[in-house]
Amino acid sequence: MKKITSRKALILALIISSILLTLIPSIRLLSNKPVIAGEDPYYHISISNYIKEKGIPSNEPFIERSYALQPYHLILSLTNNIYLSSIIISILAGLLSIIIFYLILKKLNIGDLRISIILLTLILSPIFVLLFSIPNPHSISILLILIGFYFFIKEKHIFSLPFLLTIPFFGIIPTIFSITPLLIYSINNKKTLKYFYTIFI
């Protein structure tokens, strides 16, 4: 019996993820329902359309409150078809997140069997499927966190900076999720602690 390598597990995870992440939009399309589920994605799409057509507003055009520019809205506003792009970007973010997460596990010297189990458990979780199949800004922030963390543990801190410093623009929760793993890693690897302080303090 051939040994299942982590590389084969990665390929399998990407194939299964591609199917799962396109499953919800496909089912809704075949059911004659809007391809995108929920209300929040349409809010982001509307804001992005407004930015594309009229520029960045000082107040939200649909709610009487000040507007703080979100990178997600800016990214979508730069695309030709915002509706379709929001779907594609979320799915691509999910697939890229799997690859980066795999590279992180390899860098942390996790064994092939454990990597295989972790990857398959991740992609089969409802949270992963919903997070990357329904357009939302968290799909981008998670990808940026993973890329920043990967460069950080590779000790390529200059490359990690642009990604990690972008996270606060996505909100307080993504910021906490970016700081926590970096802090834990830095505490266990003292030589990286000074770089952690340089970035966040």
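All residue numbers refer to positions counted from 1 along the written sequence of the respective chain. Confidence filtering applies because this is a predicted model: local features only for residues at pLDDT of at least 70, side-chain atom pairs given and counted only at 80 or more, and all residues used for totals across whole chains, interfaces and linings. Note that water and hydrogens are dropped before the side-chain values are worked out from all heavy atoms of the structure.

In summary, the pairing rule links any two rings of Phe, Tyr or Trp, Trp by its six-membered ring, whose centres are within 6.5 Å, and it sorts them by plane angle into stacked for under 30 degrees, edge-to-face for over 60 and tilted for everything else. Enumeration over the complete set of coordinates arrives at 7 aromatic pairs. Geometrically, the ring pair formed by Phe 152 and Tyr 185 is edge-to-face, given 6.4 Å between the ring centres and 75° between the ring planes. With Phe 152 in helix α7 (residues 137-153) and Tyr 185 in helix α9 (residues 172-188), this pair connects stretches of sequence that are 33 residues apart. When accessible area is computed with a 1.4 Å probe and restricted to protein chains, residues below 20% of their type maximum are described as buried, those above 50% as exposed, and intermediate ones as partly exposed. Note on Tyr 185: relative accessible area 15%, which makes it buried. Among the aromatic residues, those joined into a ring-pair cluster are Tyr 150, Phe 151, Phe 159 and Phe 163. Helix and strand assignments come from DSSP, with helices taken as H or I runs of at least 4 residues and strands as E runs of at least 2, each series counted from the N terminus.

Next up on the list: the packing of helix α4 (residues 82-107) against α7. Between α4 and α7, whose axes approach to 9 Å, the crossing angle comes to 25°. Taken together, the axes of α4 and α7 are roughly parallel relative to one another. Of the two elements, α4 crosses α7, and the hand of that crossing is left-handed. Counted together, Ile 89, Ser 90, Ala 93, Leu 96, Ser 97, Ile 100, Phe 101, Leu 103, Ile 104 and Lys 107 of α4 and Ser 139, Ile 140, Ile 142, Leu 143, Leu 146, Ile 147, Phe 149, Tyr 150 and Ile 153 of α7 form the full contact between these two elements. Throughout, the ten residues Ala, Val, Leu, Ile, Met, Phe, Trp, Tyr, Cys and Pro are labelled nonpolar, Asp, Glu, Lys and Arg are labelled charged, and all others, Gly among them, are labelled polar. Class assignment for the residues of the contact of α4 with α7 results in 15 nonpolar, 3 polar and 1 charged. Simply put, an axis is a line fit to the C-alpha atoms, just over the touching stretch for a helix, and the angle between two N-to-C directions goes from 0 to 180 degrees. Put simply, angles under 35 degrees are roughly parallel, angles over 145 are roughly antiparallel, angles from 65 to 115 are roughly perpendicular, and the rest are oblique. With the far helix as reference, a near helix turned anticlockwise by less than a right angle produces a left-handed crossing, and one turned clockwise produces a right-handed crossing. We call two residues contacting when some pair of their heavy atoms lies within 4.5 Å.

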